[in-house]
Amino acid sequence: KTDGRPLNARIELLQGPNNNKQVCEVYTEDGIERPFYISMDTPGSGNVVRIVNTAPVEFPLTAWIEAKEIDEHKSPTDAVLGGDSAW
């Protein structure tokens, strides 16, 4: 979301270095009246979500990520890359 200015961003779901798994280009004229929401599947472990503000520096944005669902039946021996499995 923005403070009423245009929102122009790229959202990337990465699995492994330099591997764009999913890419979404986002534009909205008014980021406070028309904020952008997306739901993305992140299968497996080791996924990274990267949000890039492609607008000029005069148009900052605020972004956050929330887990919609967490696999409660995950094996304790599954590898977790880049984080801790304890919530």
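As the structure is a computational prediction, the values presented were derived from the model and not from experiment.

Visitor: Whenever I open this one, the side chain of Thr2 confuses me. Can you help?
Guide: Assignment of secondary structure puts Thr2 in the segment before β1 (7-15). At a separation of 2.6 Å, a polar atom in the side chain of Thr2 contacts the main-chain carbonyl oxygen of Arg5. The contacts of Thr2, once residues within four sequence positions are left out, are Leu7, Asp30, Gly31, Ile32, Pro60 and Leu61.

Visitor: Got a minute to help me understand the pattern of salt bridges in this structure?
Guide: Where side chains of opposite charge bring their charged atoms close, a pairing between them can arise. Overall, the coordinates contain three salt bridges when judged by the stated rule. Residue Asp3 is joined to Arg5 by a salt bridge in which the shortest nitrogen-to-oxygen separation is 3.5 Å. For Arg5, a relative accessible area of 34% gives the class partly exposed. Taking the shortest distance from any N to any O, the salt bridge between Arg10 and Glu12 comes out at 2.6 Å. Residues participating in the shared-partner salt-bridge network are Arg10, Glu12 and Arg50.

Visitor: Can you help me understand the environment of Tyr27 in this one?
Guide: Note on placement: Tyr27 falls in strand β2 (residues 20-28). Sequence spacing of Tyr27 and Pro6 is 21 residues, and the spatial spacing of their C-alpha atoms is 7.3 Å. Excluding residues within four positions of it along the chain, Tyr27 makes contact with Pro6, Leu7 and Asn8. Polar contacts involving the side chain of Tyr27 include one to the side chain of Glu29, which spans 2.5 Å.

Calculation notes
- Residues numbered from 1 in each chain as written.
- Predicted model: local features only at pLDDT ≥ 70, side-chain atom pairs only at ≥ 80, totals over all residues.
- Heavy atoms only, no water.
- Helix = DSSP H or I, 4+ residues; strand = E, 2+ residues; numbered from the N terminus.
- Polar contact = N/O pair within 3.5 Å; in protein donor to acceptor, adjacent residues only side chain to side chain.
- Contact = heavy atoms within 4.5 Å.
- Salt bridge = Lys/Arg side-chain N within 4 Å of Asp/Glu carboxyl O.
- Buried < 20%, exposed > 50% of the residue type's maximum accessible area, 1.4 Å probe, protein only.

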